[in-house]
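# An overview of the molecular structure
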Amino acid sequence: MTLFFRMKHVRIPHLLLLFVFVHACFAQADFAPYFYDNGPYSYNGNLALFSLSEDTAVGTQIYRLNGTDPEGQEVRYGLSFDPGSKEYFRVDPKSGNITLVEKLDREKQDSIDVLVSITDGQSKVVERVTIFVMDANDEKPEFQNMPAIIDVLETTESGSSIYKVEAVDRDTGSGGSVTYYLQSAQSTLFAIDRHSGVLRVKSGEMLDYEKAKTHFVIVIAKDGGGSFNGKEQFMSSSATLTINVIDAQDTLPSFIGTPYFGYVYEISVPGSEIFTVEARDGDVGNPNPVRYSFDDGDDGVFSINKTSGCITLLTLPIYLKREIFNIKVRASEVSPEGRLMDYEVTTVVIRVVDLNNNPPTFYGEDGPQSTFELTMYEHPPEGEILRGLKITVNDSDQGANAKFNLRLIGPGRMLRVVPQTVLNEAQVTILVEDSAAMDYEKYHFLTYKLLAVEIDTPEKFSATADIVIHLLDTNDNAPKFSSDYYIARIPENSPGGSNVVTVTAFDPDSGPWGEVKYSIYGSGAELFLIKPDSGIIYTQPWASLDAEVRSKYNFYVKAEDTEGKYNLAEVFVTVLDLNDHSPAFYDNFLEKTMVIGAPVKIEAVDDDAEVPNNVIEYAIMKAEPENNIFDINADTGEIMLKSYIKSMAIIQNITKKRDCTWSLVVQARDRGHPSLTTTAVVKIDITEAIKSRFFSYFMGLRKRPGTVFGICLTIVSFAISLTVFISTVMYCSSLKKTRVQPQGKIRKIIRRPVP
């Protein structure tokens, strides 16, 4: 309004000048670009109050800077960090797209200061914004006081607290909460509070040093779970708490090695040591010494050393009034002050026995004997008694001193002894246990040790006797070939009586039973013979082997012993092909007609049975009148003109003749060793390609008069048939023209007379 007021007092020329000045000022003004502020939950704008999860993958586009210029100029975006700060993001200047380029970790840095800028090329606006890094459940709980070793008294009361476990999870929210668990193996004796981590002896349970001196408790700390990479994730850690149980004086002494048995012998004297007992304090962690004494049953004839536990005899055995003494022995703990404490009682059984001064002895029919022999056939029936062995065993002592075991020691379990336990005396019986193992081919004789050992005596007196069994052979084996089949090769044309292969069979039986005779039979054996004694297979004297006729033979060979036991093997004979046939053409003089551009083929055959003897190679040995216009395929026998010959004119120019007939000498050679060859003369008539196949065909008929006769006969037959057909048609046509018309039609043309 002020400007307008003042302008009323200005003259018109001055007014025009002022208007031009103001317009020029506004034309030169430039306003700075600015960001859009879309709020904290937007993904485009100026990044104000933007937050980002720490598990965002590197390379993710997280935001787009968005702004404008009042004059509509194109704007460019920038992003920078304070000096020394880690650069987590990169911005595209044109699009404003911001990409994460470094891995985030909230536990190390929970916010990032960023300088964002926008410019239109003349003015630039810079804003400082803070990006907040949000937590993801990527941290495991960490134990603060584990692993650890603690000592706990075994008398600790049930339910008592023994340790407090502490673990910290650096995540926030539910991912930062920690609960505690025990692995199932330790949960029977200990329990842990899930929230506080207090470890206790489980209610109703007690520690026992004597059962377990150390416990290894594995504690698991688990977080409350949270999102990580778009999925719910729970994380846990484990650590071991070692609990050493401290022993307490709460266990009675215990005797070691019970039950206890001692013996008084007829030669014992006063002061003889009968037995020594041993006891130890059950509190092995801190044991007290033990003192021994009799409670009852010693009858005043025994004494015990109070510190060592050794029981001794006080009188001669003849004054003992009982055969068995049951003595009650007490073991008492002694406190450090010398006071007797807890005790345990056990029984020591002392038996008065006869002196064991006679070992077991083996007897034969004539008195004591240490070797027993028997001859028998191999493979006797199982359970059979070896009656040829007359053995008696005896121990002259009495009672337990005369009780002993019998054992038979030797190869395998072929034989068994009865009885196995003897008191004083018994007749020894040997039985067959494994008949198949008693094989003459393996053992000509068997040697066993018969052993008698006392059972209940300290001396363990024993005796041995040798049992020798001589086996006699039987024919229990059939001959066996060295192989189930034999493969032989023999060249064809081998003379009659040639050796083919030698077969071998072995019969382990002895004498005549081990002699082997050979024979052959089968559909392929007619050309072969075998020597019965040696097993040499050879060809019949008159046999002529030819691989082209038959190259494979197989038959059976039989090995038989004198009682007819036999075995079979199969023989495979291959007749080896020799190069004994030369290649042969179907005709030694061949005539062919060749059209320029097409080959003609000749063919030879070789009657040999195998390659390379029957593989043929072809070659042109000679050509008249000109040697250098033909090629031949060495494998197929195709003869063709050289590639430069395209017309008859070229051929006539080479030969200076109009007659285009060549005579070639072609050789067929096989690939055998030595190689065999044959030749044929091939007469070739060359014609232009415009001549029809019929011309070539008829040219070739000159050598096949039978075919020519057949063609002529066919033509004559066809001509006669055609003549008969035409004559028949003409005859039928003439009949139709001369046929009399019907009566009805005649009446139609008769006129009535006029009345």
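Residues numbered from 1 in each chain as written. Predicted model: local features only at pLDDT ≥ 70, side-chain atom pairs only at ≥ 80, totals over all residues. Heavy atoms only, no water.

### A few points about the overall build of the protein chain
As a reminder of what qualifies: Where helices and strands are cited, they refer to DSSP runs of H or I of at least four residues and of E of at least two residues respectively, numbered from the N terminus. Exposure classes here rest on a 1.4 Å probe applied to the protein chains alone. A residue is buried below 20% of its type maximum, exposed above 50%, and partly exposed in between. We get accessible surface area from the Shrake-Rupley algorithm with a probe of 1.4 Å; when it comes to residues, only the shown protein chains can shield them.
Of regular secondary structure, the protein chain possesses six helices and 58 strands. Per-residue burial over the protein chain gives 36% buried out of 755 residues. When the accessible surface of the protein chain is split by element, carbon and sulfur atoms take 54% of a total near 44600 Å².

### A look at the UniProt feature "transmembrane region" (unreviewed entry) in the protein chain
Basically, it comes down to this: UniProt positions are given in the numbering used here, feature names are shortened, and annotations may be inferred rather than shown by experiment.
The sites that carry the UniProt feature "transmembrane region" (unreviewed entry) are, in the present numbering, residues 708–732. Along residues 708–732, the helical share is 100% and the strand share 0%, with 37 Å between the first and last C-alpha atoms.

### Regarding the nonpolar core
For soluble globular proteins, the rule of thumb is that nonpolar side chains tend to be buried together. The following threshold applies: In plain words, nonpolar cores are sets of buried Ala, Val, Leu, Ile, Met, Phe, Trp, Tyr and Cys residues tied together by side-chain atoms within 4.5 Å. For this analysis, residues touch if any pair of their heavy atoms sits within 4.5 Å.
Counting 30 residues, the largest nonpolar core has Phe362, Leu386, Leu406, Leu415, Ile430, Leu450 and Ile467 as the members making the most contacts within it. Of all the secondary-structure elements, those providing two or more residues to this core are strand S33 (371–377), strand S34 (391–394), strand S35 (403–409), strand S36 (415–418), strand S38 (425–432), strand S39 (445–454) and strand S40 (462–472). Among the elements that take part in this core, S40 stands out by supplying five residues, more than any other. For Leu450, the residues in contact, after removing those within four places along its chain, are Phe362, Ile391, Arg407, Leu408, Val417, Val428, Ala463, Thr464, Ala465 and Ile467.

### Concerning the packing of aromatic side chains
Counted only if it meets this: Side-chain rings of Phe, Tyr and Trp (the six-membered ring for Trp) are treated as a pair once their centres are within 6.5 Å; stacked means planes under 30 degrees apart, edge-to-face means over 60, and tilted covers the remaining angles. Think of it as a cone above the ring: NZ of Lys or CZ of Arg counts as a charge over the ring if it is within 6 Å of the ring centre and within 35 degrees of the ring normal.
As enumerated under the stated definition, the model contains 16 aromatic pairs in all. Taken together, the aromatic side chains of Tyr43, Phe50 and Tyr63 make up a single cluster linked through ring pairs. The ring of Phe234 carries Lys222 above its face, with NZ or CZ at 5.3 Å from the centroid. It is Lys558 that lies over the ring of Tyr566; its NZ or CZ is 4.5 Å from the centre.

### Regarding the sheet that holds strand S9 (residues 111–119)
The criterion, for reference: Here, a strand pair is defined by DSSP locating no fewer than two bridges between the strands. To obtain each axis, a line is fitted to C-alpha atoms, and for helices this fit is confined to the stretch in contact; angles are then taken between N-to-C directions over 0 to 180 degrees.
The strand order across the open sheet built from four strands is S3-S10-S9-S6, with neighbouring strands paired in mixed fashion. Across the chains shown, the open sheet's two edge strands, defined by having one partner strand only, are strand S3 (51–53) and strand S6 (76–80). Across this sheet, the average inter-strand angle for adjacent strands is 30 degrees, counted without regard to direction. Across three bridges, the pairing between S3 and strand S10 (residues 124–134) is parallel. Its bridge partner lying in S10, Ser53 is registered against Met134.

### A few points about the sheet that holds strand S47 (residues 536–539)
A sheet is described by the order of its strands in space; here three strands give the open sequence S43-S47-S46, paired in antiparallel fashion. If you trace the sheet from one side to the other, it starts and ends with strand S43 (499–502) and strand S46 (528–530), each paired once. Here the average twist between neighbouring strands, direction ignored, is 25 degrees. Bridge count between S46 and S47: three bridges; the pairing is antiparallel. Each residue of the ladder has a partner; that of Ile530, found in S47, is Ile537.

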